[in-house]
Amino acid sequence: MNLLEWLRRILVVWQGVFSLLLCVVLCIVLLSQDQPGRLVFHQVMVRTLFYPFESLLTHFEVTLRVYHDNEELRRQNVALRTENDFLTQSLRQVPRLQEMERFRENVSLRLKPGRIIAEDAGRLQLTWVLDLGRADSLDVNMPVITSQGLVGKISKCFEHSSFIQLYSDPAFKVSVQIDRSRARGILESEGAGLLVARFPAGSEVRVGDTLVTAGLGGVFPKGLRVGRVSADVSETEDQNGDVTVSFRVKPFQSLNTVEEAFVLIKEDDWTLKAEP
């Protein structure tokens, strides 16, 4: 048996005795000290024996505080990002609202501005929901326009909201005329965003001509901008003995960019009145 093995066994056997003797010695030293000495002894013991525990607790407290601070910063970051997105959208809305206000000031029509709050969920846009209703003086068949041109008309009206039938609806039809030659025809949709204007054969219509509403039918007043005759000429067809020519029309107002619109409050001078 070598010396190291002997010492190990002595330490294992006498570990309790050594611990007891150490406690007795520390107690004697502590009792033999005066008040200042006891304070110094206490500080030395705390800084030596209890330092690992104190360091561990301090590290845990710092870690916990950093975790809570990170959580608070994360919440503040989300709130600031949301507010920034809201402000960005508000700033982007300013030019559109300014353009609408200038348009309303420059025309002599009763226009009621509103916001689009819902639309068809399908691929084709046929109907929108407007945040205006009967409480805002709206009624069925009132025209809906933007500063660029015609959008549609009110198809259903409730107290505080309305449905807009868009020009993309195949059931939508409006009488139009060529602004240059005053030739009259009918504008309708063939679906998938394709507009067709049909005119009597021989009408003076050219590619690039501007289409405006003709004011017939009592729904739309005369002169609202609709679109421009495109380069595609479809065909000449015979409808009930009347030969007509059809032209593709590119609308002035694209539907997928509209967020606000005007409702044109009807005036008596273009509304058809029922006979008594």
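So, here's what we can say about the structure.

Scoring rules and cut-offs
Residues numbered from 1 in each chain as written. Predicted model: local features only at pLDDT ≥ 70, side-chain atom pairs only at ≥ 80, totals over all residues. Heavy atoms only, no water. Helix = DSSP H or I, 4+ residues; strand = E, 2+ residues; numbered from the N terminus. Buried < 20%, exposed > 50% of the residue type's maximum accessible area, 1.4 Å probe, protein only. Contact = heavy atoms within 4.5 Å. Areas by Shrake-Rupley, 256 points an atom, 1.4 Å probe, with all protein chains shown as cover. Salt bridge = Lys/Arg side-chain N within 4 Å of Asp/Glu carboxyl O. Phe/Tyr/Trp six-rings, centres within 6.5 Å; stacked < 30°, edge-to-face > 60°. Lys NZ or Arg CZ within 6 Å of the ring centre and 35° of its normal. Pairing = 2+ DSSP bridges. Axes fitted to C-alpha atoms, helices over the stretch in contact; angles between N-to-C directions.

## Let's talk about the overall build of the protein
Along the backbone of the protein there are four helices and twelve strands. Put simply, the protein has 276 residues, and 30% of those count as buried. Counted over contacts in the protein with a minimum sequence separation of 6, partners at least 24 positions apart contribute 55%. Carbon and sulfur atoms provide 58% of the accessible area of the protein, an area that totals close to 18300 Å².

## Here's the deal with the pattern of salt bridges
Under the definition given, this model contains ten salt bridges. Where Glu190 meets Arg198, a salt bridge forms, and the shortest distance between an N and an O atom there is 3.3 Å. A relative accessible area of 41% places Glu190 in the partly exposed class. You can call Arg198 buried: its relative accessible area is 14%. One salt bridge connects Arg248 with Glu190, and the closest N-O pair in it is separated by 2.8 Å. You can see Arg248 sitting in strand S11 (residues 242-251) and its partner Glu190 sitting in the loop between strand S7 (184-189) and strand S8 (195-200), a full 58 residues away along the chain. We classify Arg248 as partly exposed; its relative accessible area is 22%. Members of the salt-bridge network, linked through shared partners, are Lys173, Glu188, Glu190, Arg198 and Arg248.

## Considering the packing of aromatic side chains
Applying the stated rule across the entire model yields three aromatic pairs. Ring centres 5.5 Å apart and planes at 75° place the aromatic pair Phe158 and Phe163 in the edge-to-face group. On the accessibility criterion, Phe158 (39% relative accessible area) is partly exposed. Residues Phe199 and Phe247 carry aromatic rings whose centres are separated by 6.1 Å and whose planes lie at 65° to one another, so their mutual orientation is edge-to-face. Of this pair, Phe199 sits in strand S8 while Phe247 sits in strand S11, and the two are 48 residues apart along the sequence. An identical accessibility class is assigned to Phe199 and Phe247; each is buried. Residue placement shows Arg225 over the ring face of Phe252; its charged tip is 3.9 Å from the ring centre.

## A word on the sheet that holds strand S1 (residues 111-119)
Reading around the barrel, the six strands line up as S1-S2-S5-S4-S3-S12 and close back on themselves, with antiparallel pairing between neighbours. For this sheet, the mean inter-axis angle between neighbouring strands, taken without regard to orientation, is 45°. Pairing of S1 with strand S2 (residues 127-130) involves three bridges; the strand directions are antiparallel. By the bridge assignment for S2, Glu119 is matched with Trp128.

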